[in-house]
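One-letter residues, chain by chain:
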Amino acid sequence: MLGWLFGLPVPFMIIWAPSWEWVIAANALLGINQGLAWSMTVIMKVDLVGPKSRGLAVGLNEFAGYLAVGVTAFLTGYLASRYGLRPVPIYLGIGYAVLGAALSILLVRDTRDHVRLEASSHPQQPAPISFREVFALTSFRDRNLFAASQAGLVNNLNDGMSWGIFPLFFASFGLGIERIGILKAIYPATWGLLQIATGPLSDRWGRKSLIVAGMWVQAAGLFLTAATRQFEWWLLGSLLLGLGTAMVYPSLIAAVSDASHPTWRARSLSVYRFWRDLGYAIGALSAGLIADSFGLSWAITSIAALTFLSGAVVAIAMRESVKDSGMPTSLENSP
């Protein structure tokens, strides 16, 4: 609820922004909205389903979110091409903010009792640990949590790069706004739709294989985009990027949940999301610096190589944490 209250002013600030500083302030409020509201939807769904269906729950959550991102990217691109950048495309944001706040206030119930029930029946009952210890475990001490955190950071790093660099790259070859909107919509739409399948698959097949393969499929999509100059190849690259992200995204959150005890799972997920979403900022800044120094193609290629290396880190460091039952095989993954 608090997250959506922070989000309500955002579309109005962008519509009425008299200067760039207002846009920056609106983005800061949007970040608070995302950090609170979206993070809690992930944690609450993991709380609700228990250990056997974490991939399914996260896949459904991310499907809903990123399908909406894809549809909105297409609609705003179309509206911008017809009516300009402001205010008409931003009217969608007003509707989303009001609806999100209303649903959170009127319909959503808290899931703390589900966590207490799961914790009481959990085979391992560790002593209470501090947030500092959870931060260390998630960041580097636990090999599964470390592998997931660095992969999440690189995944969102290439996502942040794509939102900043791809439109400029496509426009530099004369592509129009509407076609750029199609390319930018295909990526999150593919990502969102396929998570209905990849989330449950991670419950059956395990997390590691989908994460490694997904990072490498993303890298292939980025390499293809940088190396080609035609809309059809860029469309295929966007599809590959969406497919790879769909394989990675729910599997990473489920892997973090597997390796965390119910009593500190929410804190571990918050640390993972800190590293993962930090990738947006790092990706945008690093890609911009590389593009200014060496060109747009080099920026995309560099991020593609980093994505491939991140998949290799997962292949080496992560231990599979899911059996057929969906229960964690071990919480003792520290090196």
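Residues numbered from 1 in each chain as written. Predicted model: local features only at pLDDT ≥ 70, side-chain atom pairs only at ≥ 80, totals over all residues. Heavy atoms only, no water.

S.K.: Before we move on, can you summarise the overall build of the protein with the specific residues and values?
M.R.: Helices and strands together make up the secondary structure of the protein, namely 13 helices and zero strands. In the protein, the succession of α and β elements from N to C terminus is α-α-α-α-α-α-α-α-α-α-α-α-α. Overall, the protein is about 60 × 45 × 35 Å in size when its C-alpha atoms are taken along their principal axes. Going through the 335 residues of the protein one by one, you find that 48% of them count as buried. In the protein, the share of contacts with a sequence separation of at least 24, taken over all contacts with a separation of at least 6, comes to 81%. (Helix = DSSP H or I, 4+ residues; strand = E, 2+ residues; numbered from the N terminus. Buried < 20%, exposed > 50% of the residue type's maximum accessible area, 1.4 Å probe, protein only. Contact = heavy atoms within 4.5 Å.)

S.K.: Any details on the side chain of Thr245? Residues and values, ideally.
M.R.: With respect to the helices, strands and loops of the structure, Thr245 is situated in helix α11 (residues 231-258). Assessed through its relative accessible area of 0%, Thr245 is described here as buried. When near neighbours in sequence (up to four residues on either side) are disregarded, Thr245 contacts Asn155, Tyr187, Trp191, Gln218 and Pro250.

S.K.: Hey, could you go over the packing of α11 against helix α12 (residues 265-294) for me, with residue numbers and the actual values?
M.R.: In contact at an axis separation of 9 Å, α11 and α12 are set at 145° when each is read in the N-to-C sense. Considering only the axes of α11 and α12, their crossing is right-handed. Between α11, through Tyr249, Leu252, Ile253, Val256 and Ser257, and α12, the contact on the second element is made entirely by Arg265, Ser268, Leu269, Tyr272, Arg276 and Tyr280. Looking at the contact of α11 with α12 residue by residue, the class counts come to seven nonpolar, two polar and two charged. (Axes fitted to C-alpha atoms, helices over the stretch in contact; angles between N-to-C directions. Left-handed = near helix turned anticlockwise from the far one by under 90°. Nonpolar A, V, L, I, M, F, W, Y, C, P; charged D, E, K, R; others polar.)

S.K.: Provide a residue-level description of the packing of aromatic side chains, including the pertinent values.
M.R.: Applying the stated criterion to the full structure yields 14 aromatic pairs. Put simply, the rings of Phe166, Phe169, Phe170, Phe173 and Trp234 pair up and form one aromatic cluster. Taking NZ or CZ as reference, Arg179 lies 4.0 Å from the ring centre of Phe231, over its face. Stacked on the ring of Trp163, the Lys or Arg Lys184 has its end atom at 4.0 Å from the ring centre. (Phe/Tyr/Trp six-rings, centres within 6.5 Å; stacked < 30°, edge-to-face > 60°. Lys NZ or Arg CZ within 6 Å of the ring centre and 35° of its normal.)

S.K.: Just give me the short version of the pattern of salt bridges, but keep the residues and values in it.
M.R.: Enumeration according to the criterion identifies 10 salt bridges in this entry. The salt bridge involving Asp110 is made with Arg112; its shortest N-O contact spans 3.1 Å. Classification of Asp110 as exposed rests on a relative accessible area of 53%. Close ionic contact of Arg207 with Asp258 constitutes a salt bridge, the shortest N to O distance being 2.7 Å. In this pair, Arg207 is assigned in the loop between α9 (177-205) and α10 (208-227) and Asp258 in helix α11, connecting sequence segments 51 residues apart. Linked through salt bridges whose partners overlap, the residues forming this network are Asp47, Arg54, Glu118, Asp203, Arg207, Asp258 and Arg265. (Salt bridge = Lys/Arg side-chain N within 4 Å of Asp/Glu carboxyl O.)

S.K.: Mind laying out α12, listing which residues take part and the relevant values?
M.R.: A turn of α-helix holds 3.6 residues, and therefore any two residues three or four places apart point the same way. If you check α12, its first and last C-alpha atoms are 42 Å apart, about what 30 residues at 1.5 Å a residue would give, namely 44 Å. At Ile282, α12 shows its largest kink, close to 25°. Taken as a whole, α12 has its buried residues at Arg265, Ser268, Leu269, Val271, Tyr272, Arg273, Arg276, Gly279, Gly283, Ala287 and Ala291. Looking one or two residues past α12, Gly295 carries a phi angle of roughly 110°, positive in sign. (Expected span 1.5 Å × (residues − 1). Bend = angle between axes of the 7 residues up to and from the residue.)

S.K.: Outline the confidence of the model for the protein, listing residues and values.
M.R.: In this model, the protein carries an average pLDDT of 91, and 94% of its residues clear a pLDDT of 70 or more. Note on residues 324-335: pLDDT under 50 across the span, and 35 contacts to partners over four residues away in sequence or across chains. (pLDDT = per-residue confidence, 0-100.)

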